[in-house]
Amino acid sequence: MHEAPPPAPSPAPAPGPSPSALPAEPLSHGLKQRHLTMLGLGGVIGAGLFVGSGAGIAVAGPAIVVSYLIAGALAMLVMRMLGEMSAAMPASGSFSVHAERALGRWAGFSVGWLYWFLLVVVLAVEATAAAQIAHGWVPGIEPWAWVLLFMVVFTAANLTAVKNFGEFEFWFASLKVGAIVVFLVLGVLAILGLLPDTDPVGMANLTGQGGFLPNGWGGVVSGVLTVVFAFGGLEVVTIAAAETDDPARAVGRAVRSAVVRILFFYVGSMLVIVTVLPWTAQQAGLSPYVKVLDAIGVPSAGQIMNIVVFVALLSALNANLYGSSRMIFSLAERGEAPRGLLKVSRRTGAEGGVPRRAVLASVAFGFVSVLLNLLWPDTVFLYMLNSVGAVLLFVWALIAASQLRLRARLEQEAPEALSLRMWCFPYLTWVTLAGLFGVLLLMLTDEAARPQVLWSAGATAVVALVAVGRQWRERRGSA
């Protein structure tokens, strides 16, 4: 039976969104502000930026900078909305809890399970890609053995105190952020001709080779479709905020510091890349960062970037394992997943309070995903991957819809909880929703992206039908 949050002391039939009306989290509070800040900064800096950005440059040319600005602005607006709700109502289920309170149990169930499925499927891609890099360094160890090692190490880290997850992510994120800062500094010096054996580049590569828009605005749109998913991962910050000493303040500070800096890292990197080298020099599947570092004479640029990508993949694996375990734990709290997943480790000071069964359940499905990726990458696993290909956009759309409903309720019932506010509400929220649906429609017109939208829409419909069916049966049972 679903256990609703205890009602606020008022005659209203349903609880309002006041933070005091939320159930206390049994999880520990071992994460520090520095953990959350670096998780926000490094959470979206991954292989999608270091390697996948080459595909975006190939279709948009120098205008990939505009593509990243559009996609980054969309992600930044979603993050601001999510930050507003999480600061007012911190919970380990984050946007799943918000969706339930705003739109009903069907929405909380649907978005929670879809996001969990997304994380455990993508986890397989990250583990396999990291294993391939490690196999290149140590050919004597097969990729499957590397996958097993990674999964065991990060499972152990997530089964112990949450501060271990925080420390892993802090140093992973520090390395990634440091790598981008060094890249930006070297790139700017190369553009100005201040490095040995370099001449000022000027604007020639931005205006030559077909101009700034070599493929027109259609190329910019195609670039948005290519890069928008690289911003996935910001959501984990609001999930992790529930395990800090002061969730409302922590998530507010993390969101404020993360969104603009992440946009700077992404857009700044792209601007350096397309300024230093002609866009025609880039190829899909090859890291544009390596191309630039090679061009300005950095020795062993390929190996250096391999190390950075390797760390980025392990960081994403660790974060996805953490996020999936907390999401399924939150679902269990609300009666939307097996109650046995609620077991947490015994707390001793800052230790304990870890949902170990939820971690193991997520790892178990992660292992299944890895096996499917190793055995049937072009059939079974491809279908699974397509079924989550556009889920992130559906999740973002539900976040925006939830914020529209909860903001009005919060202003009426608990205005003091709005320590972080969405800009230009409700206009920018509606603009964000329109932008998300626009991206989905554009994906439907793209032959390569269409299967992802259709499979993801099918998976979403199935989960939503299950949610509605469960709710209908419970109503009949209580009648």
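To start, this report covers the structure provided alongside it. These figures come from a predicted structure and were not determined experimentally.

Turning next to the overall build of the chain. A count of helical and extended segments in the chain gives 19 helices and zero strands. Against the globule reference of 23 Å for 479 residues, the chain gives a C-alpha radius of gyration of 22 Å, in line with a compact fold. For the chain, the spread of C-alpha atoms along the three principal axes comes to 75 × 55 × 45 Å. Evaluated residue by residue, the chain yields a buried proportion of 55% over its 479 residues. Summarising the internal contacts of the chain: among those between residues at least 6 apart in sequence, 79% fall at separations of at least 24. Carbon together with sulfur atoms contributes 68% to the accessible area of the chain, which is approximately 19,200 Å² in total. Side-chain charges of the chain comprise 29 positive and 25 negative groups, with the mean position of each set lying 9 Å from the other.

What follows deals with the environment of Pro 415. Looking at the element boundaries, Pro 415 is found in the loop between helix H17 (391–413) and helix H18 (427–445). In this structure the C-alpha to C-alpha distance between Pro 415 and Tyr 322, which are 93 residues apart in sequence, comes to 31 Å. When neighbours within four sequence positions are excluded, Pro 415 is seen to be in contact with Leu 410 and Arg 421.

On the surface, Trp 144, Leu 148, Val 152, Leu 371, Leu 374, Leu 375, Trp 376 and Val 380 cluster together into a nonpolar patch covering about 780 Å² of accessible area. Put simply, the parts of the chain that give the nonpolar patch at least two residues each are helix H7 (143–159) and helix H15 (356–375). Here Val 152 lies in helix H7.

Cis rather than trans, the peptide bond between Phe 425 and Pro 426 has omega equal to 0°. Here Pro 426 lies in the loop between H17 and H18. Positive phi, normally seen in glycine, also occurs at Ser 300, with a value near 55°. Inspection of the secondary structure puts Ser 300 in the loop between helix H13 (288–295) and helix H14 (301–333).

The next thing to look at is the packing of aromatic side chains. As enumerated under the stated definition, the model contains 20 aromatic pairs in all. On the basis of an interplanar angle of 65° and a centroid distance of 6.3 Å, the ring pair of Tyr 68 and Phe 231 is categorised as edge-to-face. Within this pair, whereas Tyr 68 is found in helix H4 (residues 64–88), its partner Phe 231 is found in the loop between helix H10 (216–227) and helix H11 (235–240), the two being separated by 163 residues in sequence. For the pair formed by Tyr 68 and Phe 231, the shared burial category is buried.

Below, the discussion takes up the environment of Asn 318. On the secondary structure map, Asn 318 appears in helix H14. As for Asn 318 and Ala 71, which are separated by 247 residues in sequence, their C-alpha atoms are 25 Å apart. Those residues in contact with Asn 318 that lie beyond four places of it in its chain are Phe 154, Asn 158, Phe 165, Phe 168 and Glu 169. Only 3.0 Å separates the side chain of Asn 318 from the side chain of Asn 158, close enough to count as a polar contact.

Let us now look at helix H5 (residues 95–103). Counting buried positions over the nine residues of H5 gives eight, a clear majority of the element. All of the buried residues in H5 are Phe 95, Ser 96, Val 97, His 98, Ala 99, Glu 100, Arg 101 and Ala 102. Of the surrounding secondary structure, the elements contacted by the buried residues of H5 are H4, helix H6 (105–137), H11, H14 and H17. Gly 104 lies just past H5 and shows a positive phi near 120°.

Evaluation of the coordinates by the stated rule reveals nine salt bridges. With a shortest N-O distance of 2.7 Å, Glu 243 and Arg 326 are connected by a salt bridge. Within this pair, whereas Glu 243 is found in the loop between H11 and helix H12 (247–276), its partner Arg 326 is found in helix H14, the two being separated by 83 residues in sequence. By relative accessible area, which is 1% here, Arg 326 ends up buried. The salt bridge involving Arg 421 is made with Glu 411; its shortest N-O contact spans 3.7 Å. Of this pair, Arg 421 sits in the loop between H17 and H18 while Glu 411 sits in helix H17, and the two are ten residues apart along the sequence. By relative accessible area, which is 38% here, Glu 411 ends up partly exposed. Salt bridges sharing common partners tie together Glu 84, Arg 407, Glu 411 and Arg 421.

Moving on, we get to helix H3 (residues 53–60). For H3, every residue scored as buried is listed here: Ser 53, Gly 54, Gly 56, Ile 57 and Ala 60. Viewed end-on, H3 has its buried residues packed into an arc of 160°, placing them on one side of the element. Note on H3: the residue one or two positions beyond its end, Gly 61, has a positive phi of about 70°.

This part covers the environment of Leu 225. Looking at where Leu 225 falls in the secondary structure, it is placed in helix H10. Relative accessible area serves as the criterion here: at 14%, Leu 225 is assigned to the buried category. Between the alpha carbons of Leu 225 and Gly 56 there is a distance of 8.5 Å; along the sequence they are 169 residues apart. Ignoring anything within four residues of it in the chain, the contact list for Leu 225 reads Val 439, Leu 442, Met 443 and Asp 446.

Conventions we followed
- Residues numbered from 1 in each chain as written.
- Predicted model: local features only at pLDDT ≥ 70, side-chain atom pairs only at ≥ 80, totals over all residues.
- Heavy atoms only, no water.
- Helix = DSSP H or I, 4+ residues; strand = E, 2+ residues; numbered from the N terminus.
- Rg over C-alpha atoms; globule rule 2.2 N^0.38 Å.
- Buried < 20%, exposed > 50% of the residue type's maximum accessible area, 1.4 Å probe, protein only.
- Contact = heavy atoms within 4.5 Å.
- Areas by Shrake-Rupley, 256 points an atom, 1.4 Å probe, with all protein chains shown as cover.
- Lys, Arg positive; Asp, Glu negative; His and termini not counted.
- Charge placed at Lys NZ, Arg CZ, Asp CG, Glu CD.
- Patch = residues over 30% accessible without salt bridge, like charges linked within 9 Å, V, L, I, M, F, W, Y side chains within 5 Å.
- Salt bridge = Lys/Arg side-chain N within 4 Å of Asp/Glu carboxyl O.
- Phe/Tyr/Trp six-rings, centres within 6.5 Å; stacked < 30°, edge-to-face > 60°.
- Polar contact = N/O pair within 3.5 Å; in protein donor to acceptor, adjacent residues only side chain to side chain.
- Arc of directions from axis to C-beta.

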